[in-house]
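Coordinate analysis (summary)
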Amino acid sequence: MALGTAFDGAIEGGRAGAVADREFLGVTPLAVVALVAGSLAVRAVAVKLRLPPPLALLAVGLAVSLAPGLPDFQLEPEFVLAFVLPPLVYSAALDSSYVNIRSMLRPVALFAVGPVLATMAAVGVAAHLLLPQFPLASALVLGAVVAPTDAVAAIAIGRRLNVPRRAMVLLAGESLGNDAAALTLWKLALAVATGAAMTWWQGILAFLYAAVVGGLIGAAIGFAVHHVRLRIGDGVLESAIGVATPFACYALADQVEASGILAVAVAGVLMGHKAPYGRHTTRLQENAVWRSVDVLLESVVFGVIGLQLPAIVGAAGPSWRLVGVSAALVAVTVAVRVVWVYPVAYLPALLTRRRDPPDPKATTVVAWAGMRGVVSLAVAFATPPSMPGRDLVLFVTFAITVGTLLLHGSTLALVIRLLKVPTHEERADADDEARVRHEAVAAAGEELDRRVSDSDEPTPDQVVELLRSLAEHHQGTAQEWIEEQDGGRAEAFQRLLATMLDVERRVVVAARDAGEIDDEVLRRMLRELDLRQASVDTP
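So, here is what we can say about the structure in this document. (Residues numbered from 1 in each chain as written. Predicted model: local features only at pLDDT ≥ 70, side-chain atom pairs only at ≥ 80, totals over all residues. Heavy atoms only, no water.)

Describing the packing of helix α6 (residues 105-130) against helix α7 (residues 136-145)
Selection criterion: A fitted line through C-alpha atoms serves as each axis, taken over the contacting stretch for helices, and the angle formed by two N-to-C directions is quoted from 0 to 180°. Helix and strand definitions here come from DSSP, where helices need a minimum of 4 consecutive H or I residues and strands a minimum of 2 consecutive E residues; each element is numbered from the N-terminal end. The cut-offs work like this: below 35 degrees is roughly parallel, past 145 is roughly antiparallel, 65 to 115 is roughly perpendicular, and the gaps in between are oblique. Helix crossings get a hand from a simple test, with the near helix turned counterclockwise from the far one by less than a right angle marking a left-handed crossing and a clockwise turn marking a right-handed one. In what follows, residue pairs with any heavy atoms lying within 4.5 Å of each other are defined as contacts.
Look at α6 against α7: their axes get within 7 Å of each other, and the N-to-C directions meet at 135°. With respect to each other, α6 and α7 are oriented oblique. As α6 packs across α7, the resulting crossing turns out to be right-handed. For the pair α6 and α7, contact is made by T119, M120, A121, V123, G124, V125, A127 and H128 and by L136, A139, L140, L142, G143 and A144, respectively.

Structure below.
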């Protein structure tokens, strides 16, 4: 396809400054170690002082970049696309809810694609009009770069302040979908900006091909990996396969010129939905692994961008006019989201005469949760140097990211409090959790009775009583009791406890699948069950 050839050529053009031997990111390994350690240290201090880590990393990076003799860190396009974006998208997809996304598929789809197209067009055209020397094709690349939202901070604030779940699901689903849509459109616009001859129809067909094939590849890999992991029986190896999954999804989809990011997102959603059917050790390990990966990658990316800010500003030829243009494009980015959200939220309700239109307060929260983040910055750096106007793309992307982080990030919680967004889901979740927990414990008790009565060997009464007590009252871990018993009693206890916990998990997962509890409640209950089992596992 012409798209693939043009894009490959663009990437090859970006390799002009290839790294030297024993170098990584354009610098020595020791400098990379210093970058990682420094980025994590800044993040730790920012969290301690309750400052936004991205802004703290950018500020410290800018300050450090002024020191003489500092190495010139470079993020190569291929490295960003293949090794930075896939794990970030995959981790977010694992924490999403397939059940909730499916129940809200139409609004999620509208928010996943519509705002991306609108933002790309509005920002691209506005940038070209404000800066006539900026080619329209390159301006559309900029529009695609700043189109995807970063819902991580918004979701964290919303959960803390009990924003209605429908709004939270919309933000999470939108963020996953628009990452894939924006990356696909970015490749199309980039191909045109670097010289590929392409009609509108060819562009539309290429977009549809990339989306459909990418989604199918992600679903196939996610399904295959899930079933392979079920048959391994080794939590560490299963976790390792899980870590490799996003990279495999991206590489395979990219090889056939499909959307690698969409493949990663689909695989992540599927794997997250199927995670309760796997081993408890795998779930516990993966939760820690992906949280660590998120922190590491986001810290390093923001740190590198902070270090390169002087070079970005210098290359863009900063002036008061460019600062004013950047401020205007921040306003366009914010306005496009607000203008899009309200019609999309209320027109379907008006056209179908639904009696339960979206709550206007929750809709306002969604409209104001338009922060840009690490994905936009990483994609901006992935734009090859051969594209005309790349320096402007970097400068304006930085301005829009920082501007939206400051504007939305500092005011979203205040907006939620001022609006007094109504929610009764926290109490409903607690009631549902209590009911499902009672059903799970009852089912586990019945399974215990059946196993004890069917067993050829008598089970000590102490073991049965302790298992009932643990199931009904969740007392401690019983590890000390196990250590005091002989091998036979300890083995019987562990075997029966694992059986009871498996029964409880099945009841909890069935309640999720039936829509009786939310995925967030499911994950909380599963983690408790997994920790109880892990506490008595034999080392």
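Structural notes on the pattern of salt bridges
Our working rule: Take a side-chain nitrogen of Lys or Arg and a carboxyl oxygen of Asp or Glu: if they are within 4 Å of each other, that pair is a salt bridge. Relative accessibility thresholds used throughout: buried, under 20% of the residue-type maximum; exposed, over 50%; partly exposed, between the two (1.4 Å probe, protein chains only).
Considering all chains together, one arrives at 17 salt bridges under this definition. For D518, the salt bridge goes to R165, with nearest N and O atoms at 3.2 Å. Taken together, the positions of D518 in the loop between α21 (487-513) and α22 (519-534) and R165 in helix α9 (residues 165-193) put the pair 353 residues apart, joining distant regions of the chain. The burial state of D518 is the same as that of R165; both residues are buried. Here D530 ties to R505 by a salt bridge, and the two come within 3.1 Å at their closest N and O atoms. With a gap of 25 residues between them, D530 in helix α22 and R505 in helix α21 connect regions that are remote in the sequence. The exposure class of D530 is buried, given its relative accessible area of 2%. Taken together, the shared-partner salt bridges connect R283, D502, R505 and D530 into one network.

Description of the packing of aromatic side chains
Under the convention used in this document: Aromatic pairing here means that ring centres of Phe, Tyr or Trp (its six-membered ring) are within 6.5 Å. Orientation follows from the plane angle: under 30 degrees is stacked, over 60 is edge-to-face, and everything else is tilted.
In the structure shown here, the tally under the stated rule is three aromatic pairs. Ring plane angle 40° and centroid distance 5.9 Å describe the contact between F83 and F247, whose orientation is recorded as tilted. Taken together, the positions of F83 in helix α4 (residues 77-94) and F247 in helix α11 (residues 235-255) put the pair 164 residues apart, joining distant regions of the chain.

Here we look at α22
Spelled out, the test is: One less than the number of residues in a helix, times 1.5 Å, gives the span that helix is expected to have. Summarising the geometry, the arc corresponds to the directions from the helix axis toward the C-beta atoms. Residues adjacent in sequence count toward polar contacts only when both atoms are side-chain atoms; beyond that, a polar contact is any pair of N or O atoms within 3.5 Å, and within protein one must be able to donate a hydrogen and the other to accept it.
Over its 16 residues, α22 extends 22 Å from the first C-alpha to the last, a length consistent with the 22 Å expected when each residue adds 1.5 Å. Listed in full, the buried residues belonging to α22 are D519, V521, L522, M525, L526, L529, D530, R532 and Q533. The buried side chains of α22 occupy one side of the element, clustering within an arc of 160° when seen end-on. Its side-chain oxygen placed 3.0 Å from the backbone nitrogen of E520, D518 serves as the N-cap of α22.

So, the nonpolar core
Note the following rule: Buried Ala, Val, Leu, Ile, Met, Phe, Trp, Tyr and Cys residues form a nonpolar core when they are joined through side-chain atoms within 4.5 Å.
Grouped together as the largest cluster of nonpolar side chains are 119 residues, with contacts concentrated most on L85, L142, W186 and L329. Excluding anything up to four places from it in sequence, L329 contacts V123, A126, A127, L130, L142, V396 and I400. With 12 residues, the next largest nonpolar core counts A444, L467, F493 and L496 among its residues.

Things to note about unusual backbone geometry
Positive phi values are uncommon outside glycine, yet E257 reaches one of about 65°. Of note, E257 is situated in the loop between α11 and α12 (260-274). Here the phi dihedral of K420 falls at roughly 55°; this positive angle occurs in a residue that is not glycine. Structurally, K420 is set in the loop between α17 (390-419) and α18 (425-454).

Looking at helix α8 (residues 152-160)
Those residues of α8 lying buried are A154, I155, I157 and G158. For α8, the arc enclosing every buried residue in end-on projection is 165°, short of the 170-degree limit, so these residues lie on one face. For α8, the exposed residues set more than 90 degrees away from the buried face come down to V152 and R160.

As for the side chain of T363
Residue position: T363 is located in helix α15 (residues 360-367). Judged by its relative accessible area of 6%, T363 is buried.

As for a nonpolar patch on the surface
We count it as follows: Two joining distances apply to patches: 9 Å for like charges and 5 Å for nonpolar side chains (Val, Leu, Ile, Met, Phe, Trp, Tyr), and every residue must have over 30% relative accessible area and no salt bridge. Residue exposure ignores everything except the shown protein chains as possible cover, and the areas themselves are Shrake-Rupley values with a 1.4 Å probe.
Residues W201, I204, L205 and L208 make up a contiguous nonpolar surface patch of roughly 470 Å² in combined accessible area. Examined against the element boundaries, L205 turns out to sit in helix α10 (residues 200-230).

Details of the packing of α7 against α9
We apply this condition: Residue classes follow a fixed rule: Ala, Val, Leu, Ile, Met, Phe, Trp, Tyr, Cys and Pro count as nonpolar, while Asp, Glu, Lys and Arg count as charged, and any other residue, Gly among them, counts as polar.
Across the interface, α7 lies against α9 with an axial gap of 8 Å and an inter-helix angle of 165°. Considered as vectors, α7 and α9 are oriented roughly antiparallel to each other. Of the two possible hands of crossing, α7 and α9 adopt the one that is left-handed. Across the interface between the two elements, A137, S138, L140, V141, A144 and V145 of α7 pack against A182, L185, W186, A189, L190, V192 and A193 of α9. Class assignment for the residues of the contact of α7 with α9 results in 12 nonpolar, one polar and no charged.

A look at the environment of V293
Its location among the elements puts V293 in helix α13 (residues 280-316). Judged by its relative accessible area of 21%, V293 is partly exposed.

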